[in-house]
Each structure stands twice: as structure tokens, then as C-alpha cells.
Amino acid sequence: MLKEFTKGIFKENPIFVIVLGLCPVLAVSTKVINAIGMSAGVIFVLLGSNIFVSMLKNYIPDKVRIPAYIVIIASFVTIVQMVMEAYAPSLYKSLGVYVPLIVVNCIILGRAEAFAKKNTIKASILDALGMGIGFTLALLLISLIREVLGAGTITIFPIGSFSGVIKIPVLVDEPIRVFGLSAGALLVIGFLKAFFNWYSEFKGARS
Amino acid sequence: MTYIGIIITFVFINNFILNQFLGLCPFIGVSKNIESAVGMGFAVTFVMAIASLTTWVVYTWILVPLNITFLQTITFILVIAALVQFVEMVIQNISPALYKALGIYLPLITTNCAVLGIAFISVQKRYNALESFVAGFAAGLGFLLAILLMSAIRTKLDFEWIPKPFRGIPIAFVTGGLMALAFMAFDKALLTNLIG
Amino acid sequence: MNDIVKIGSRLAIICAVAAVVLGLANAVTEPKITIMKKMKLEKSLEQVSKGMKIGKFTPVKDSPVVKGYYPLTDKADKRSGYICKLTGNGYGGDLDIIAGISVKGKILAVILLEDDETPGLGKQAEHASYMTKYIGTGEDKPVPVRKTQLSQKDADAVTGASITFMGIGKALAAGSSYVKKLGGE
């Protein structure tokens, strides 16, 4: 059972190993707070769609399963949109069009089709959590690299008197701006993927 | 904004792939050879232009009058899915040759975020019907341009020595990053100078 | 035939359930969103009004930049300025700006409400400190629309985002001259 959970984090990490659902990863990773918000949205939708697809697997006719899955996913995405707009409007604004685009995030439809439709609810929940956390870790890593190098800051939640922005000395005055731009995002993910390739081969050679 | 302005914006300045990361999966996945890249590019352009117009009609004539714009996301994705099916059937009947060229890419387009993306962006920018259509078409052309350039570069890369961990997907991302840098030369100033 | 009816009806039921659930969710969140938006606008107006009384909104149709204005009156009920709603051309799209402008055209306060600018570059205009370079201009000296009109320090700060800077500057300049035309009346 535990394997369903951990596989998404390392062995089948949706971003670095399977390379799915990249648009939001690259687009919202300019700030750590955006990455956290996007991850929360994706985990919620993934969890919801996996639970419902697994629950309704005997009810949904096989021929129209994809449209049915899309309806389920889109409903959860709309709920995320509404809740985010009502309770975190500034986050909703900075994530922009990428919130509704969670609908076409291949990870979610992919998990429904590859896992939830043939597994129990419990296993599907674990699968969703694992994949969601794997997605979150990857997104956090990319956004940390991009925000620290590209803007010289780390933006998280404001708590009490703390404004939520950590400034990195030196870099905040002279940031390497290209990391904040679209080109920087593509370069960062290219190098990270190469690093993961190298690492898994290195580990494979040792064992 | 004039129509030329919209075209220049979506093809060069806000290129969907290189600037907005929309449609990145096929950009990396289907750009290994020029032939499939062209097929995918044309299929996406075609669907994007029609989808942008159709979702505009659905939004303006159905969702807004009924005051149910909160169903926007769910409606748009269903309209696009149905549209792709319909386009596939029409092409299959009218032109088997075209179907042979584009057919295998069509089912992949439903989950291409570029198509859903242009639908949202057209509504967000409050375009009229023709502007939506032009924006969809231009964004598709931008996609075609980027994927065509990418596939041409990747064909050449096949003959180069690349460090092992970079082979395949990583080098494609790095190439995309360098292309995005080059595309930064197109900015709003270009538009202002060209059409004022 | 029976099969198609069964498949179709099940899909229709799923869609209907989804629509009802979303309708309920919308009923809960929509009032909250409306209130938040109203509060945000009121707070921004309060900030740019500089303590003066805000009058009724008047839409403007004959200007590409000025979308409308709220008249401002001081304690003695004398018309002393306007809050203008302005639309500028940014790098990523339209810039929605509100600005408090004195009757003589002097920029008193500026807030950028909506934009599509690049994070780390043009997005910096969302910080209140960005606007200091415009404040106080418009009456004696012109609103800066070119980098050469700025101090070296301010010019360095807008490097890489000059389109955003020029977009806001031009919108404010247009607002300032519109207000001068409206005058004290």
C-alpha cells in the first residue's frame, strides 16, 4: 500500500521522470508562493478526481469515460477557482489563466485513466497524494531556483509582522534576471532533468 | 488593437510556447522530426482558430445571457473536446489525404493547453468574434513556427555529440530556452514602431 | 439503441450533478468575491484621495485613456482634484491605473490595479514605491514618459521594463491634461 504513495514522489515523479503537466510548472514558478498555491490546487483536483473516478468506475460507461472524467476534473477545477478567487484573490490574480488550465494538466487525466479507474478508493487516494506531493516538490525546487537567482527573494506567506518576503543579500540588488523570464524556466528544467538522468544512471551503475 | 497587431503579438511577442508555456507537451514530444512537427502545427492552428471562435460564441451568446459564466471552464473543455471529434469526422469524410496527415494528432489536441488557453485569453481580453478568431489563428501560427524551428534544430542535433544525461528531453528544453531568449528580441516596441 | 440511451443518460446525469454542485459553490463564493472586489476598489480610492471627499463616478467616453473620474472635494466643499480611472499600454497588455490628480494637473497618488506584466521586471510597478517618480509631476514639470527625464537611480530601476514605465507615464500625462481641461469646476 505504501508503495502507491511513495512511487509518485521519486520513482515516477510526474515532472522529472514522466515529464507531464509542464505548462503550469514553468509558468507559475517565478515565485515560491505561486508554486505553493498551484500545488495546493493540483493536489485538491487530483485527490477529488481520483476519488470520484474510482468510486464511479462501475457506473461510468467505458465508451464515454474520457468526457465523464473531464467533467469531474473540470468541476473540481472550477471549485478551486471559486475558492481561490474568494479567499486568496491576489494569488488567484498572479496564477491567472493557469488555474483553469489545471483541467488539461495531463497528470490528472493520466492518473484517472492509468490508475483510479481500476483501483480501490483507498489506493487511489494514496496514489493522488503521492503524485501530488511529487508534483509539489518538483515545483518548489524549480521556483526556489528561479526566484532566488532571478529576483533575489523568497516569497512565502506573510505571518504577523513578517512580510513574507525573504531577501537574499547581494542577489536582491543584482539578480540574474534571465531566470525569472520564460527562457530561464526552460533552461532550469532542462538542466534539472539532465541532473536526474545522470543521478539515476549513477545510482543504477552502483547497485 | 488592429488585427495585424493581434497577429504580431501572438506569433512573435507572446508566442504561446516560448513565452506562455502553453502547448509545451507536444512541443517537446512531437518535435523529433520535421514531418510530424508540421502535421501537429497545422492541426493545432486549425483547431485553435475554430475553437477560439466557437468558445467566444458559446460564452457571449449562452453563458453570459444565462448568467452562468461560472460554468466557463467545464463548458469550454467540453466544447473543445466535441469540436475536435467533429473536426476529425469532417476531415475523415472530406479529405482522406488530409486525415492521413493530421488524423493521428487530432485526439492529442483536446488536452493541449494551448487550445483551452486561447479560449480563456480571448474572453479575458474581451475580444470580439473576429478578433477571437484571428487571435486563435495567430497563436496557432506561433505554435507552428516554434515547433517547426524546434524540429529543424533537433534534426541537426542528431548529428552532434551531446553529453549523455542531456540526450533526448533535456537538450530539447535547453534548446527551447535559447529559442525563448532569441524571441525576446520581439517586444512591444516592435509593434509600436511598426503600426504605432 | 438501448445502449446509447443508457450511456447518454449516465453522462447527462454526471454533467447535471456537476452543474448543480458548481451552482451551489458559486452561490457561496460569489457574494464574497463581489464584496472583496468592492472593498479593494474602495481601499484604493481611499489611498489616492489623499483624505479628500470622493464624489460620484462619471464615465468618460471621448478619451482612449481616461475611462472616467470621481471628483474630489476638500473640507470646505471646494472642488480640488479628481481620481481618474486610466488605461495604459503595458508590455503584456492593458494597465488599469487609478490616479489622484489635483485640479492643476499635479499627480498626487497612483495605484496600478490590473496588469499583465513580466514578474521581476514590469511587475515591480505594483509596488507603491515604484510610483514616486511620477508623483508631484504634471503641474510645473511634465510627467516623465522617457528615461532621460528621470534621475540616474530611477532610470536604472526601470531598465528592462521601459515599456511599462512609458505606458504608465503616458496614461498619467493624458490624465493630467484631461483634468486640466476639466479645471476647478
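Residues numbered from 1 in each chain as written. Chains lettered and ligands numbered in written order. Predicted model: local features only at pLDDT ≥ 70, side-chain atom pairs only at ≥ 80, totals over all residues.

Trainee: Describe the interface of chain A and chain C, naming the residues involved and giving the relevant values.
Mentor: The interface of chain A with chain C comprises 23 residues on the first partner and 20 residues on the second. Mapped onto the side of chain A that touches chain C, the elements with two or more residues apiece are helix H4 (65–87) and helix H7 (121–151) of chain A. No other element matches H4(A), which puts 10 residues into the side of chain A that touches chain C. Its residues assigned to classes, the side of chain A that touches chain C shows 14 nonpolar, 5 polar and 4 charged. (Contact = placed C-beta atoms within 7 Å. Helix = DSSP H or I, 4+ residues; strand = E, 2+ residues; numbered from the N terminus. Nonpolar A, V, L, I, M, F, W, Y, C, P; charged D, E, K, R; others polar.)

Trainee: Just give me the short version of the nonpolar core, but keep the residues and values in it.
Mentor: With 133 residues, the main nonpolar core has Cys23(A), Leu26(A), Ile73(A), Met48(B), Ala114(B), Val115(B) and Leu116(B) as its most contacted residues. Core analysis: the second largest hydrophobic core is formed by 36 residues, Val65(C), Ala99(C), Ala161(C) and Met166(C) among them. (Core = buried A, V, L, I, M, F, W, Y, C linked by C-beta atoms within 7 Å. Buried ≥ 20, exposed ≤ 12 C-beta atoms within 10 Å, placed from the backbone.)

Trainee: I'd like a rundown of unusual backbone geometry, residues and numbers included.
Mentor: Leaving glycine aside, a negative phi is the common case for residues, and trans is the common case for peptide bonds. Residue and element names in this part refer to chain B. Its identity is not glycine, yet Phe21 carries a phi of approximately 60°, on the positive side. Among the secondary structure elements, Phe21 is positioned in the loop between helix H1 (3–13) and helix H2 (24–29). Accessibility expressed as a C-beta count within 10 Å gives 27 for Phe21, which makes it buried. Despite not being glycine, Asn67 has its phi angle at roughly 60°, a positive value.

Trainee: Just give me the short version of the interface of chain B and chain A, but keep the residues and values in it.
Mentor: Taken together, the 31 residues of chain B in the interface contact 31 residues of chain A. Elements with a contribution of two residues or more to the side of chain B that touches chain A: H2, helix H4 (72–94), helix H7 (113–124) and helix H9 (169–183) of chain B. Counting residues per element, the side of chain B that touches chain A draws most heavily on H9(B), which supplies 8 residues. When the residues that make up the side of chain B that touches chain A are grouped by side-chain class, the tally is 23 nonpolar, 8 polar and no charged.

Trainee: Describe in detail the domain arrangement of chain C, supporting the description with residues and values.
Mentor: Residue and element names in this part refer to chain C. One can read the domain layout of chain C as domain 1 (1–49) and domain 2 (51–182). Between domain 1 and domain 2, the C-alpha centre-to-centre distance is 35 Å. Within the side of domain 1 that touches domain 2, the residues separate by chemical class into 2 nonpolar, 3 polar and no charged. (Domains from an automatic or database assignment.)

Trainee: With reference to specific residues and values, describe the pairing of strand S6 (residues 107–114) of chain C.
Mentor: Two elements, strand S5 (residues 94–102) of chain C and S6(C), share 6 bridges in a ladder whose sense is antiparallel. What sits directly across from Ile101(C), in S6(C), is Ile107(C). (Pairing = 2+ DSSP bridges.)

Trainee: Before we move on, can you summarise the environment of Asn67(B) with the specific residues and values?
Mentor: Its location among the elements puts Asn67(B) in the loop between helix H3 (34–63) and H4. Judged by C-beta crowding, with 7 C-beta atoms within 10 Å, Asn67(B) ranks as exposed.

Trainee: So what's going on with the confidence of the model for chain A? Residues and values would help.
Mentor: Parts of the model with low pLDDT should not have their predicted coordinates read in detail. When the pLDDT values of chain A are averaged, the result is 86; 99% of them are 70 or greater. Taken element by element, the predicted model of chain A shows its lowest mean pLDDT in helix H1 (residues 2–6) of chain A (78) and its highest in helix H3 (residues 32–55) of chain A (93). (pLDDT = per-residue confidence, 0-100.)

Trainee: So what's going on with the pairing of strand S4 (residues 79–89) of chain C? Residues and values would help.
Mentor: Successive side chains on a regular strand alternate, one facing one side of the sheet and the next facing the other. All names here are of chain C. With 8 of 11 residues buried, S4 lies mostly within the body of the structure. Looking at chain direction, strand S3 (residues 66–73) and S4 are connected through 7 bridges and run antiparallel. Bridged to Tyr69 within S4 is Cys84. Connecting S3 to the next strand, S4, in antiparallel fashion are 5 residues, including Asp77 with a positive phi near 65°. In this structure, S4 lies alongside S5, joined through 9 bridges in antiparallel fashion. Each residue of the ladder has a partner; that of Lys85, found in S5, is Ile98.

Trainee: For the packing of H1(B) against helix H8 (residues 129–157) of chain B, give the residues involved together with the corresponding values.
Mentor: Residues and elements named next belong to chain B. Where H1 meets H8, the axes come as close as 7 Å, and the angle between the chain directions of the two elements is 35°. Judged by the sense of rotation from one axis to the other, the crossing of H1 with H8 is right-handed. Note on element contacts: H8 touches H1 through Glu131, Val134, Ala135, Ala138, Ala139, Leu141, Gly142 and Leu145, opposite Tyr3, Ile6, Ile7, Phe10 and Val11. Here the contact of H1 with H8 is composed, by residue class, of 11 nonpolar, 1 polar and 1 charged. (Axes fitted to C-alpha atoms, helices over the stretch in contact; angles between N-to-C directions. Left-handed = near helix turned anticlockwise from the far one by under 90°.)

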